[in-house]
Amino acid sequence: MNIETDLAERPVFVTGADGFVGSHLVDKLINEGADVHAFVRATSSGELKNIRHHADNITLHRGDLRDKHSVDSALKSLKPHSDSLIFHLGAQAHVGESWERPYETVDTNITGTLNLLQSVVDLDLDIAKFDTAGTSEEYGNIKEEMAEKHEFDGDDRVLLSERSPVNPTSVYATSKLAADFLTMNYHDAYGLPTVTTRMFNNYGPRQNPRYITGTIITQALERDIVELGNLTPKRDLCYVSDGVRGHLHVALEGNPGEQYVYGYGENLSMREWTETILDVGSEHGYWDRPEIVQDDDRFRPGDSDVEELLVGYEKLNEETGWEPEVSWREGIRRTIEWYAENPDSWYGRVDWR
């Protein structure tokens, strides 16, 4: 696949374009010469955070996924084209906040996805691919009665793939699973060229500081202790540029009606992830080694935490050649550098003060 050739002057519509993964996708699309249509949530300030530097090179659509009229108005811009790509990354994407704002989470993630899909049908758009971004959280924990349906690696660890059972344990995960199924429903019913992509724990520059990686880094930059929640769960963490490449490979080469999962292909506990981040930051002179403190108040509610996530991305690799390129330590270094150099982007948004 030649991404540059496949994207040059091609209309590409991105929801959540000013968010974490969305803004990195916009960066890549602009670099490859795509005709980018950025759908961002309308706010009173109207200010762009992460794609302001592209303002002269994109078509900006302000609206709300929950408002069908604004979705229709934005998608009409694709009407003259027959090879458009749609990347649906807009969502309420924080697990913890999905318990604090359950109605907004369901409305944005489910109704928002339905509005997009129905608008493509209502407007009779001739698109090349519609990619809905799912999440590894949809897999949840293994139910004992479903264990025999899971795959295991050589170390007896559960390997999660497109064939694995799902068991969402949060409002966020349930809403994303519903969005995945809606995306497939519209392929089955209307023949829309839809795909779903379950990314495993992206991290990197511009991520909301309330996620685990940003929480660790911002505290380490500011003080000599790092207070965190449950440190025993294991996660498969994938650097954002690899996540963006995954989306592009699926959109350009994936088969309509199918699902693709991808991540780093290795996991570690949140305590090990914290230790690694603090080691890298110390090596590069960002801080002296802070103390790690586990705070029960930062745990997820009840039994809703997911114990272990590890991806098997063989399908995407075999079909498109995708594999992660950025090591954990290099990805962490780049992420620390961004937080250290851009305090104004996160200082008022952390949840640990």
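As a reminder, the structure under discussion sits directly above these lines.
Described below are features of the structure shown in this document. (Residues numbered from 1 in each chain as written. Predicted model: local features only at pLDDT ≥ 70, side-chain atom pairs only at ≥ 80, totals over all residues. Heavy atoms only, no water.)

### Structural notes on the pattern of salt bridges
If you walk through the whole model with that rule in mind, you get 28 salt bridges. Residue arginine 101 pairs with glutamate 97 through a salt bridge whose shortest N-O separation is 2.2 Å. A salt bridge links lysine 315 to glutamate 258, with the shortest nitrogen-to-oxygen separation between them at 2.9 Å. With lysine 315 in helix α10 (residues 314-320) and glutamate 258 in the loop between α8 (240-253) and β13 (259-262), this residue pair connects regions lying 57 residues apart in the sequence. Several salt bridges converge on common partners, so that one network encompasses Arg41, Asp64, Arg66, Glu97, Arg101, Glu104 and Arg210. (Salt bridge = Lys/Arg side-chain N within 4 Å of Asp/Glu carboxyl O. Helix = DSSP H or I, 4+ residues; strand = E, 2+ residues; numbered from the N terminus.)

### Here's the deal with the side chain of serine 84
Tracing the chain through its elements places serine 84 in strand β4 (residues 84-88). On the basis of relative accessibility, which here comes to 1%, the residue serine 84 falls in the buried class. When neighbours within four sequence positions are excluded, serine 84 is seen to be in contact with Pro11, Leu78, Asp126, Ile127, Ala128 and Lys129. (Buried < 20%, exposed > 50% of the residue type's maximum accessible area, 1.4 Å probe, protein only. Contact = heavy atoms within 4.5 Å.)

### Here's the deal with the nonpolar core
Counting 69 residues, the largest nonpolar core has Leu7, Leu29, Phe87 and Trp273 as the members making the most contacts within it. Apart from the residues within four sequence positions on either side, tryptophan 273 is in contact with Tyr203, Thr213, Ile216, Leu237, Leu268, Trp328 and Ile332. Membership of the second largest hydrophobic core comes to 18 residues, among which are Leu75, Leu78, Ile86 and Leu117. (Core = buried A, V, L, I, M, F, W, Y, C linked by side-chain atoms within 4.5 Å.)

### Looking at the sheet that holds β13
Pairing is parallel in the open sheet, where seven strands are placed in the order β3-β2-β1-β4-β5-β8-β13. The open sheet terminates on both sides in strands that have one partner only, identified here as β3 (59-63) and β13. Direction aside, the axes of adjacent strands within the sheet are offset by 20° on average. Bridge count for strand β2 (residues 35-41) against β3 is five bridges, and the pairing is parallel. Looking at β3, one finds that valine 40 is bridged to arginine 62. Set on the sheet, helix α3 (residues 68-75) makes contact with β1 (11-15), β2, β3 and β4; between it and β2 the angle comes to about 170°. In the packing of helix α5 (residues 102-122) onto the sheet, the strands contacted are β1, β2, β4, β5 (127-135) and β8 (194-199), and the crossing angle to β5 comes to about 170°. (Pairing = 2+ DSSP bridges. Axes fitted to C-alpha atoms, helices over the stretch in contact; angles between N-to-C directions.)

### Here we look at the packing of helix α9 (residues 270-283) against helix α11 (residues 328-341)
Look at α9 against α11: their axes get within 10 Å of each other, and the N-to-C directions meet at 65°. Note that α9 runs across α11; the crossing there is right-handed. Touching Trp273, Thr276, Ile277, Asp279, Val280, Gly281 and Glu283 of α9 are Trp328, Arg329, Ile332, Arg333 and Ile336, all from α11. Counted by class, the contact of α9 with α11 contains six nonpolar, two polar and four charged residues. (Left-handed = near helix turned anticlockwise from the far one by under 90°. Nonpolar A, V, L, I, M, F, W, Y, C, P; charged D, E, K, R; others polar.)

### What to know about helix α7 (residues 212-222)
For α7, the buried fraction is high: eight of the 11 residues fall into the buried class. All buried positions along α7 are accounted for by Thr213, Gly214, Thr215, Ile216, Ile217, Thr218, Gln219 and Ala220. As for α7, its buried residues are in contact with β9 (202-203), β10 (225-228), α9 and α11.

### Comments concerning α5
Under the 1.5 Å per step criterion, the end-to-end length of α5 is 29 Å for 21 residues, consistent within 8% with the ideal 30 Å. Of the residues one or two after α5, aspartate 124 is the one with positive phi, at around 55°. (Expected span 1.5 Å × (residues − 1).)

These values are about where atoms sit, not about what they do.
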